[in-house]
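Listed below are the residues making up each chain.
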Amino acid sequence: MLNAFTIKKMVSSMPVCAPGSFQCQVLLSDLFDRAVKLSHYIHSLSTDIFDDLDQQYSQGHQILTKAMNSCHTSSLNTPEDKDQALQIDHDDLINLVQKLLRSWNQPLQHLAMEAPDSMARKVREVEEHAKILQGGIDKIAGRMQSTLENDLYPQWFGPVESNMSHGDSENYSLYHLLHCFRRDSNKIDNYLKILRCRMVHASNC
């Protein structure tokens, strides 16, 4: 797994080019490699945070272990598996990645403020890297000549309500958000890998 220092070094090493400059063009393959490394790291972090919360709070709380399908991004028509994702046009797939990322801007801010101290650092790191990845997706879309629908993404309207006691309700809200983000970060990672395979390796991977 990549650590935070490696990720920051990787991002800081990206050349800064004036608009329209051809002297330091970054290869599309490099942009995809960096995006995939970052998305994989984000998903790994989200899994670590979720597992920490699961161990800490779900013991004895059966309601926390039930399947939760009420994520705020559920309105997005996302592929159920790799075969379905392979059928989606690359313009639609890159848009789907960016919509998923942007839909998590507010929830991640909320998580960074509400998560227990033991998890807050990792959540802030996820939030920072998710913003960096959004910038990377903008660059990739530009090189692919794809138009991103940056204003069209699912809105988050706050934590899910629960009829549990105050403490359990707060834990359920965090659990629910982290469950959803882990799911969506996995989708982002998988879609980017499919896009890289298609655009860089001519689907030969």
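Coordinates for the structure precede this section.
Residues numbered from 1 in each chain as written. Predicted model: local features only at pLDDT ≥ 70, side-chain atom pairs only at ≥ 80, totals over all residues. Heavy atoms only, no water.

### Some words on unusual backbone geometry
Most peptide bonds take the trans form, and the phi angle of most residues other than glycine is negative. The test is simple: Every helix listed is a DSSP run of H or I at least four residues long, and every strand listed is a run of E at least two residues long, numbered separately from the N terminus. When accessible area is computed with a 1.4 Å probe and restricted to protein chains, residues below 20% of their type maximum are described as buried, those above 50% as exposed, and intermediate ones as partly exposed.
A positive phi angle, near 60°, is found at glutamine 145, a position not held by glycine. Residue position: glutamine 145 is located in the loop between helix H6 (117-144) and helix H7 (166-200). Residue class for glutamine 145 comes out exposed when judged on its relative accessible area of 74%. One non-glycine residue with positive phi stands out, namely alanine 202, at about 55°. The class of alanine 202 is exposed, set by a relative accessible area of 62%.

### Here we look at empty space enclosed by the protein
So the rule is basically this: The method works on a 1 Å grid over the protein atoms by themselves. A cavity is a set of points holding a 1.4 Å probe that cannot get out, a pocket is an open set with protein on both sides within 12 Å along at least five of seven lines, and residues with an atom within 4 Å of a point line them. Grid points are joined across faces, edges and corners, and a volume is the space filled by probe spheres set on the points.
Under the criterion given, the structure shown has one cavity of 30 Å³ or more. One number sums up the size of the largest cavity: a volume of about 40 Å³. Around the largest cavity, the lining residues are Ser39, Ile42, Leu101, Leu133, Phe181, Ser185 and Ile188. Elements with a minimum of two residues in the lining of the largest cavity: helix H2 (28-57) and H7. When residues in the lining of the largest cavity are grouped by element, the largest group, three residues, is from H7.

### Details of the environment of glutamine 134
For clarity, the threshold we go by: Any two residues having at least one pair of non-hydrogen atoms within 4.5 Å are treated as being in contact.
Since its relative accessible area comes to 6%, glutamine 134 is described here as buried. For the pair glutamine 134 and alanine 35, spaced 99 residues apart in sequence, the C-alpha to C-alpha distance is 9.1 Å. Excluding residues within four positions of it along the chain, glutamine 134 makes contact with Gln98, Leu101, Arg102 and Asn105.

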